[in-house]
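Coordinates in review
So the chains spell out like this:
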Amino acid sequence: MGDAVELDVDGRTVRLSSPDKMFFPERGFTKLDLARYYIAVGPGILRALRDRPTTLERYPEGVNGENFFQKRAPKNMPGWIPTAHITFPSGRSADEMCPTEAGAVVWAAQFGTLTFHPWPVRRDDVDHPDELRIDLDPQPGTDYDDAARAAHELRAVLDEFGGLCGFPKTSGGRGLHVFVPIEPRWTFTQVRRAAIAVGREMERRMPEQVTIKWWKEERGRRIFIDYNQTARDRTIASAYSVRPRPHAPVSAPLRWDEVGIAHPQDFDLATMPSRFAELGDVHADMDDKRYSLEALLDLARRDEHDHGLGDLPYPPEYPKMPGEPRRVQPSRARKEKEPPTAP
């Protein structure tokens with residue numbers, strides 16, 4: 001697999017062992033190719049990860065090998081990579097790595113990290129998100145083009161409720177993500193409430209195309225707005241992260257005029273470096289301004305007061321939350337209400 005090499009990453013020397021280890025056999029990409037990719041897009045992925053507690057999605061033997069998510073900072077992590085202490089919904093806690101330089105990304109790639117999953121918080125305040133993240137998830141019978149159409153309506157909703165500016169990116173799969181930089185004034189619960197308000201407004205505007213139904217049996221052939229991606233400890237793959245699929249796709253930041261024109265298959269480990277060299281990080285100005293959630297939270301309050309639309313179910317591994325409805329699949333709830341059959 002070749003002798004170890006040392007890579008210079010913005011003045012930081014990072015050692016890469018087994019540089020010829022095959023990570024993506026279908027495309028012929030090695031561990032060294034992965035590291036060089038992250039060097040090429042370094043300013044972009046660092047902008048997405050800087051000071052954020054980050055979970056590592058690791059494939060030590062390549063994309064076809066076993067994988068795991070590493071939340072706790074590795075014991076062998078160098079001292080120049082800082083950490084943040086975060087608390088999970090279970091009450092447990094851990095120190096997670098917080099990249100502050102591109103060398104940290106390449107160091108993680110050395111240990112088989114393909115995808116980086118940053119929290120929507122910074123290490124100086126881990127309880128107040130500074131991003132509202134909207135996940136547009138195509139359900140069976142829908143595709144990326146359907147998600148792109150929903151994204152354009154989402155852009156209008158965000159602008160109408162508070163003049164919010166969203167930054168779209170491909171998921172690296174069939175979906176789209178739209179991130180909104182926000183003031184870190186609200187809790188995870190409040191940010192999730194704002195995401196629910198967005199989803200309900202989208203349902204009203206595109207009832208045949210968009211759903212916020214948590215239970216799969218109710219979603220139909222629509223784009224699911226996964227509001228629970230804003231719950232504590234839920235993360236979304238960062239911009240520029242390589243995704244664990246045979247063709248090595250990446251999560252690509254887009255300009256709004258590219259949404260619906262560019263497609264996920266356009267962006268991979270081989271093509272993104274040239275795009276980055278030409279255009280730079282198209283989301284470079286994302287942190288220039290932060291927005292208020294007050295208009296969306298007002299919408300959430302109106303939904304509850306005027307229409308009785310309160311909270312929605314959390315994921316099954318979460319503790320029961322105040323105000324949450326019963327976490328029961330609708331078909332099962334209907335069966336529970338049926339009168340017993342006469343003997």
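Everything below is about the structure shown above.
The rules behind the values
- Residues numbered from 1 in each chain as written.
- Predicted model: local features only at pLDDT ≥ 70, side-chain atom pairs only at ≥ 80, totals over all residues.
- Heavy atoms only, no water.
- Pairing = 2+ DSSP bridges.
- Helix = DSSP H or I, 4+ residues; strand = E, 2+ residues; numbered from the N terminus.
- Salt bridge = Lys/Arg side-chain N within 4 Å of Asp/Glu carboxyl O.
- Contact = heavy atoms within 4.5 Å.
- Buried < 20%, exposed > 50% of the residue type's maximum accessible area, 1.4 Å probe, protein only.

Side note on the pairing of strand E8 (residues 93-97)
Bridge count between strand E7 (residues 83-87) and E8: 5 bridges; the pairing is antiparallel. Its bridge partner being in E8, Thr87 is matched across the sheet by Ser93. Linkage of E7 to E8, two consecutive antiparallel strands, is achieved through a turn of 5 residues, within which Gly91 is found at a positive phi near 100°.

What about the pattern of salt bridges?
Side-chain pairs of opposite charge can arise whenever the charged atoms involved come near each other. Summed over the entire model, instances satisfying the criterion amount to 30 salt bridges. A salt bridge links Glu153 to Arg205, with the nearest nitrogen and oxygen atoms 3.2 Å apart. Of the two residues, Glu153 is situated in helix H4 (residues 144-160) and Arg205 in helix H5 (residues 188-205); the sequence distance between them amounts to 52 residues. A salt bridge links Asp257 to Arg255; the nearest nitrogen and oxygen atoms lie 3.3 Å apart.

Let's talk about the environment of Pro99
Looking at where Pro99 falls in the secondary structure, it is placed in the loop between E8 and helix H3 (102-110). Placed 186 residues apart in sequence, Pro99 and Asp285 show a C-alpha to C-alpha distance of 19 Å. Once you skip the residues sitting within four places of it in the chain, Pro99 turns out to touch Leu46, Leu49, Arg50, Asp51, Arg52, Thr54 and Ala104.

A closer look at the pairing of strand E5 (residues 54-58)
With 5 of 5 residues buried, E5 is to be regarded as a mostly interior element. Residues Thr54, Leu56 and Arg58 of E5 are buried on one face, and the alternating residues Thr55 and Glu57, pointing to the opposite face, are buried as well. Looking at chain direction, E5 and strand E9 (residues 113-118) are connected through 5 bridges and run antiparallel. Bridge assignment links Arg58 to a residue of E9, and that residue is Thr113. The pairing of E5 with strand E6 (residues 68-70) spans 3 bridges and is antiparallel. Bridging across to E6, Glu57 finds its partner in Phe69.

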